[in-house]
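A look at the structure
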Amino acid sequence: MTTKVIYFMVNGRLEHAEFRTDSSLADVKDLFRAAAEAGPHDILKMYGAKGAVVKISSRLAANDVNSCYRLEVVAADLHNPGSAAPTELCNMENRVKNLEMKVLGDARKTSNIVCDLKSQVESFKRKLENVEHLSWIGLFKEPCDQQGKSDRKGPCDQQGKSDPNSLHVNEEVREYLKTPLFDNWQVFKPVRGSKLTPCVLLRQWEEAEMMVLLQVMYTDLDFLTAFHIDLEVLQNFLFEVYCHYNDIPFHNFQHCFCVTQMVSRRRNSLLSVPSRYASMSVLCTDPESREFMYGLIWLTDLRSKLERIDLFILLTSALCHDLDHPGYSNVYQINAQTDLALRYNDISPLENHHCAIAFAILAKPECNILKSLTSNQYKHIRAGMIKCILATDMARHNEILNKFKVTLPVFDFKTKDHKEGLMKIMVKVSDISNEARPMAVAEPWLDCLLQEFFNQSDTEKLKGLPVTPFMDRDKVSKPSSQTGFIRFVLLPLFTELTKLFPCLEQHILEPVRKALDYYSDLEKEAKAEGGGAKP
């Protein structure tokens, strides 16, 4: 019978074993056990040249020193009463016990966190279903008892959703919603005997309430009747839009609502709501607040100049213009070669994504507010929304503004190209209109924007990507970030729109001029104090 020679490494030395091909399994293992100086109950493992485990037996393939096996003792004999467990093993057992205790403790903490999150989700869900506290903005409610409870369910309840008449907002609030006097972030208790001046600042608006106000906008512009939109479907659509805005510093649902109407972000001055005001009817007014897309439609009397389907495009484009924004600009997407940049071939990747998400939401039957339209109406709305949302890419700013300027001397609302150019400008103005707001409102928004910019530049530095200059926290100050933007972007844009609608000068052009003066003074002061130190 022939023999074979097996070369292997064990304990750092090269060994070889020679045995007959008909040797028993026990004999072969004993041979290798002796070479490894292992006991009879120790466990051996043999590894091939490529690291794969091979079975120890007489069938092991013969080899040479260049392709030797590796033999290891993977478990010592712990059953031998004469041997004591090594110190390392005792230490390991203690560590395992400590880890088990830590895991159990963390699990209990995690359970509490999950319970809290579930509680918050349920609480928000109840708000959407009942919206009992919305009685103070004029919503029809049954009289409430001292605890603020009502047997009647609110307008967002499953039964009330399908009935547009279940939402009754008083005419006074509806009218304020259309004017620059409406402050749709802060909630006030009205002064007795006064229709305009607020007395007590109660609290800030919540997302559920913003969705109800968006619903009011669609209702008051008569979209539900004109396009046969079921109220429940509209509410589902608005909720899906809300769900598809991310929790990031600037491009979030509040910004979406701000562009569609207006949000006054004055968080630091807000007070909690006393329970006694839970069912109070209030006016929400501020003589310096300014709304945008919805307000622009009323201020410029676009209802008499554009068809209702075009007004629908404007409002819905504003609502959807930043859906699922990740908080990183197109420049970052392209430089980082993200999935969005690759999908859209570096052409307005974010804006294309926002459009795609909008129509993915509309493709859901329960959210499809376009389902009753004709094929031609759907195509018109889709084409219009895509053009308006893509126009928010600032890389196309000069191109879009220059085309609009050319049309102004001969502008005709009935000319398709003129009308489409105006619609793009209206969405752009609404999108970048922060500096047209009072400084107490605009500055907190600017802080949020700079936070998002600085997050991006920090990431660019970490990844070795080109750093976007106006986002670098080491080089940008609040005044320097605004003076150039207002002077070269906002003023030219707002000036051209004001030529078509002179009534807008006091609402957007004058506030922007004041903002430029304000930041210019700050920039001069910073330079005088020490070379432009950031405030």
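Here the structure is shown first, and the text comes after it.
Residues numbered from 1 in each chain as written. Predicted model: local features only at pLDDT ≥ 70, side-chain atom pairs only at ≥ 80, totals over all residues. Heavy atoms only, no water.

**Considerations on the overall build of the chain**
- Within the chain one finds 19 helices and seven strands.
- By the burial criterion, 48% of the 535 residues in the chain qualify as buried.
- Within the chain, contacts between residues separated by at least 24 positions form 71% of all contacts whose residues are at least 6 apart in sequence.
- For the chain, the exposed surface amounts to about 27,300 Å²; the carbon and sulfur share of it is 53%. (Helix = DSSP H or I, 4+ residues; strand = E, 2+ residues; numbered from the N terminus. Buried < 20%, exposed > 50% of the residue type's maximum accessible area, 1.4 Å probe, protein only. Contact = heavy atoms within 4.5 Å. Areas by Shrake-Rupley, 256 points an atom, 1.4 Å probe, with all protein chains shown as cover.)

**Considering the packing of aromatic side chains**
- Within the structure shown, the criterion is met by 19 aromatic pairs.
- Look at F250 and W445: their rings are 5.5 Å apart centre to centre, the planes differ by 80°, and that puts the pair in the edge-to-face class. With F250 in the loop between α7 (231-243) and α8 (253-260) and W445 in helix α17 (residues 439-463), the pair connects residues that are 195 residues apart, well separated along the chain.
- Since its relative accessible area comes to 5%, F250 is described here as buried.
- A ring pair is formed by Y328 and Y332, whose centres lie 4.8 Å apart and whose planes are at 35°; its orientation type is tilted. (Phe/Tyr/Trp six-rings, centres within 6.5 Å; stacked < 30°, edge-to-face > 60°.)

**Things to note about the pairing of strand β3 (residues 43-47)**
- Inspection of the sheet shows β3 paired to strand β4 (residues 53-54) by two bridges, in the antiparallel sense. Paired with Y47 across the strands is V53, a residue of β4.
- Adjacent in sequence and paired antiparallel, β3 and β4 are bridged by five residues, among which G51 carries a positive phi angle near 95°. (Pairing = 2+ DSSP bridges.)

**A word on a negative patch on the surface**
- A contiguous patch of negative charge, built from D517, D521, E525 and E529, is present on the exposed surface.
- Note on placement: D521 falls in helix α19 (residues 505-530).
- Accessibility expressed as a relative area gives 42% for D521, which makes it partly exposed. (Patch = residues over 30% accessible without salt bridge, like charges linked within 9 Å, V, L, I, M, F, W, Y side chains within 5 Å. Salt bridge = Lys/Arg side-chain N within 4 Å of Asp/Glu carboxyl O. Lys, Arg positive; Asp, Glu negative; His and termini not counted. Charge placed at Lys NZ, Arg CZ, Asp CG, Glu CD.)

**Things to note about the nonpolar core**
- Judged by nonpolar contacts, the single largest core of 95 residues is most densely connected at Y218, F237 and L497.
- By residue number, the principal contributor to this core is helix α10 (residues 308-320), which donates nine residues.
- The next biggest cluster of nonpolar side chains, apart from the first, holds 16 residues, and it includes V10, V28, A38 and L44. (Core = buried A, V, L, I, M, F, W, Y, C linked by side-chain atoms within 4.5 Å.)

**Remarks on the environment of I347**
- With respect to the secondary-structure elements, I347 resides in the loop between α12 (339-343) and α13 (349-362).
- By relative accessible area, I347 is classed as exposed at 54%.
- Distance in space between the C-alpha atoms of I347 and A395 is 10.0 Å, their sequence separation being 48 residues.

**Observations concerning the pattern of salt bridges**
- Following the criterion strictly, the structure yields 17 salt bridges and no others.
- One salt bridge in this structure joins E443 and K478, with 3.6 Å as the shortest N-O distance. Residue E443 is located in helix α17, and its partner K478 is located in helix α18 (residues 478-500); the two are separated by 35 residues in the primary sequence. Each of the two residues, E443 as well as K478, counts as buried.

**Things to note about helix α14 (residues 375-390)**
- Taking 1.5 Å of rise per residue, 16 residues should cover 22 Å, and α14 covers 22 Å from first to last C-alpha, within 8% of that figure.
- Inspection of α14 places I381, G384, M385, C388, I389 and L390 among the buried residues, and these make up the whole buried set. (Expected span 1.5 Å × (residues − 1).)

**Re a nonpolar patch on the surface**
- A cluster of nonpolar residues, M9, L14 and V65, forms a patch on the protein surface that exposes about 240 Å² of accessible area.
- Relative to the helices and strands, M9 resides in strand β1 (residues 3-10).
- Given the relative accessible area of 31%, M9 is considered partly exposed.

**A few points about the state of the cysteines**
- Inspection of every chain in the model, using the stated rule, returns zero disulfides.
- Take C355: it sits in no disulfide, and the sulfur closest to it among the cysteines is that of C320, at 8.9 Å. (Disulfide = S-S within 2.5 Å.)

**As for the packing of α17 against α19**
- Look at α17 against α19: their axes get within 12 Å of each other, and the N-to-C directions meet at 65°. The chirality of how α17 crosses α19 is right-handed. Across the interface between the two elements, M439, E443 and L446 of α17 pack against A515, Y518 and Y519 of α19.
- Broken down by class, the residue content of the contact of α17 with α19 amounts to five nonpolar, no polar and one charged. (Axes fitted to C-alpha atoms, helices over the stretch in contact; angles between N-to-C directions. Left-handed = near helix turned anticlockwise from the far one by under 90°. Nonpolar A, V, L, I, M, F, W, Y, C, P; charged D, E, K, R; others polar.)

**Description of unusual backbone geometry**
- Phi is positive for D324, which is not a glycine, with a value near 60°.
- Along the chain, D324 falls in the loop between α10 and α11 (330-335).
- Phi is positive for D346, close to 65°, though the residue is something other than glycine.
- When its relative accessible area of 41% is taken as the criterion, D346 is described as partly exposed.

**Some points on the environment of N11**
- Mapped onto the elements, N11 comes out in the loop between β1 and β2 (13-20).
- Among the residues examined, N11 registers a relative accessible area of 56% and is labelled exposed.
- Remark: the alpha-carbon pair of N11 and A35, spanning 24 residues in sequence, is separated by 9.5 Å.

**Here we look at the packing of helix α15 (residues 397-407) against helix α16 (residues 416-431)**
- One way to put it is that α15 packs onto α16 with a least axis distance of 10 Å and a crossing angle of 130°. Compared by their axis directions, α15 and α16 come out oblique. Relative to α16, the crossing made by α15 is left-handed. Residues H397, I400, L401, F404 and T407 of α15 form the contact with α16, whose own contacting residues are H418, G421, L422, K424, I425 and K428. (Parallel < 35°, antiparallel > 145°, perpendicular 65-115°, else oblique.)

**Structural notes on α16**
- With 16 residues, α16 extends 23 Å from end C-alpha to end C-alpha; this agrees with the ideal 22 Å at 1.5 Å per step.
- Extensive coverage of α16 is indicated by the burial of 14 of its 16 residues.

**Section: the environment of F237**
- Here F237 is to be found in helix α7.
- Considered as a pair, F237 and I361 are 124 residues apart in the sequence and their alpha carbons are 7.2 Å apart.
- Discounting residues that sit within four places of it in the chain, F237 has contacts with Y218, T316, L319, C320, I361, L362, C367 and I369.

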